[in-house]
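The residues making up each chain are set out below.
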Amino acid sequence: MHIACRHLHYTYPGADSPVFNNLDWTLEGPGFFALFGLSGTGKSTLARLISGELSPGQGEIDCPKTGCILYTHNAERIPGWGTVGAHLRSVTPASKTSLLSTILKDYGMEAYLESRFSGLSMGQKNRINLARYLVQEFDLLIADEVLANVDEPTRNHILERLKILFPQKTFLYISHNVLEVARFSQAVYVLPHASAAGTDRIHKITGLGHQEGREASEELVQERVYAILRSAASTSEPRP
């Protein structure tokens with residue numbers, strides 16, 4: 001999956017400053033990648049631009065015409081008039097029923113299929129919502145804080161399983177958890193602290209997820225975390 005943003009500009013209606021100003025950025029999949037930055041730097045905005053929910057003011061976003069891009073975020077809800085299981089079965093293609101069963105077992109959600117969505121905890125809602133996207137056809141799934149309310153051991157297990165179950169898919173994972181993105185992503189794309197003129201570049205930090213099957217030393221983890229935080233705190237100044 002190839003995504004290329006060229007000379008991208010975007011300003012929210014009524015805003016004094018742009019979010020992005022002449023931004024160039026490329027994502028080359030498959031793989032598990034992360035988008036990281038401080039609040040307000042434009043992570044969700046970029047996700048919505050790539051997925052087509054927003055249109056850039058100027059510039060272009062190049063992606064395969066036949067590619068399917070899905071975007072999900074942690075505030076999404078499913079209809080409340082039926083059970084969770086009934087909804088999942090209704091949106092799951094027949095060819096993906098076995099995959100759905102595997103995902104629900106992995107996520108510890110098999111016992112909640114007869115529950116209504118409103119009766120679940122926030123972490124359970126997040127897991128159900130992610131499951132319904134994973135059983136769809138997609139080439140790129142942008143997951144925006146989708147595990148924010150899930151406990152750390154379960155979150156780590158889900159991310160490990162994602163990479164095993166979908167080795168040929170592309171994921172862009174948005175999270176404020178710097179340790180998580182450093183450990184699981186093969187590359188972390190960092191949106192720097194925006195200047196008044198808007199972000200014009202994205203920094204790339206190699207993640208530790210490229211070391212499949214090898215446990216990174218604590219020293220290396222801390223080094224990568226520091227590099228990500230340092231990039232996030234830097235100011236994106238417009239090019240001359």
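Residues numbered from 1 in each chain as written. Predicted model: local features only at pLDDT ≥ 70, side-chain atom pairs only at ≥ 80, totals over all residues. Heavy atoms only, no water.

## Considerations on unusual backbone geometry
Then step 1. For the peptide bond that leads from Gly29 to Pro30, omega is 5 degrees, which places it in the cis range.
Then step 2. Tracing the backbone through its elements, the reader meets Pro30 in the loop between strand 2 (20-28) and strand 3 (31-37).
Then step 3. Not every positive phi belongs to a glycine, and His7 is a case in point at roughly 50 degrees.
Then step 4. Tracing the chain through its elements places His7 in strand 1 (residues 2-10). (Helix = DSSP H or I, 4+ residues; strand = E, 2+ residues; numbered from the N terminus.)

## A look at the pattern of salt bridges
Then step 1. Applying the stated criterion to the full structure yields 10 salt bridges.
Then step 2. Lys96 is paired through a salt bridge with Glu137; the nearest N and O atoms lie 3.1 Å apart. With Lys96 in the loop between helix 2 (84-91) and helix 3 (97-106) and Glu137 in the loop between helix 4 (122-134) and strand 6 (140-144), this residue pair connects regions lying 41 residues apart in the sequence.
Then step 3. Across the pair Glu223 and Arg224 runs a salt bridge, and its minimum N-O distance is 3.7 Å.
Then step 4. Among the charged side chains, a salt-bridge network with shared partners connects Arg6, Glu60 and Asp62. (Salt bridge = Lys/Arg side-chain N within 4 Å of Asp/Glu carboxyl O.)

## Points about the packing of helix 3 against helix 4
Then step 1. At a minimum axis separation of 10 Å, helix 3 and helix 4 run at an interaxial angle of 155 degrees. It follows that helix 3 is roughly antiparallel to helix 4 by the angle criterion. Considering the relative orientation of helix 3 and helix 4, their crossing is right-handed. Contacts between helix 3 and helix 4 involve Leu99, Ile103 and Leu104 on the former and, on the latter, Ile128, Ala131 and Leu134.
Then step 2. Taken together, the residues that form the contact of helix 3 with helix 4 break down as 6 nonpolar, no polar and no charged. (Axes fitted to C-alpha atoms, helices over the stretch in contact; angles between N-to-C directions. Parallel < 35°, antiparallel > 145°, perpendicular 65-115°, else oblique. Left-handed = near helix turned anticlockwise from the far one by under 90°. Contact = heavy atoms within 4.5 Å. Nonpolar A, V, L, I, M, F, W, Y, C, P; charged D, E, K, R; others polar.)

## Looking at the sheet that holds strand 8 (residues 187-191)
Then step 1. Taken together, 6 strands build an open sheet; the order of strands is 5-6-7-3-8-10 and the sheet is mixed. The open sheet has two edge strands with one neighbour each: strand 5 (69-73) and strand 10 (203-206). Going from strand to strand, the sheet's axes swing by 20 degrees on average, the running direction of each strand aside.
Then step 2. Inspection of the sheet shows strand 5 paired to strand 6 by 5 bridges, in the parallel sense. Residue Leu70 lies in a different strand from strand 6, and its bridge partner there is Leu141. (Pairing = 2+ DSSP bridges.)

## Some details on the sheet that holds strand 1
Then step 1. If you walk across this open sheet you meet the 3 strands as 2-1-4, and the pairing is antiparallel. Each end of this open sheet is capped by a strand with a single partner; those strands are strand 2 and strand 4 (58-62). Geometrically, the sheet is characterised by an average inter-axis angle of 10 degrees between neighbouring strands, direction not taken into account.
Then step 2. With 6 bridges joining them, strand 1 and strand 2 adopt antiparallel strand pairing. Residue pairing for strand 2: His2 is matched across the bridge by Glu28.

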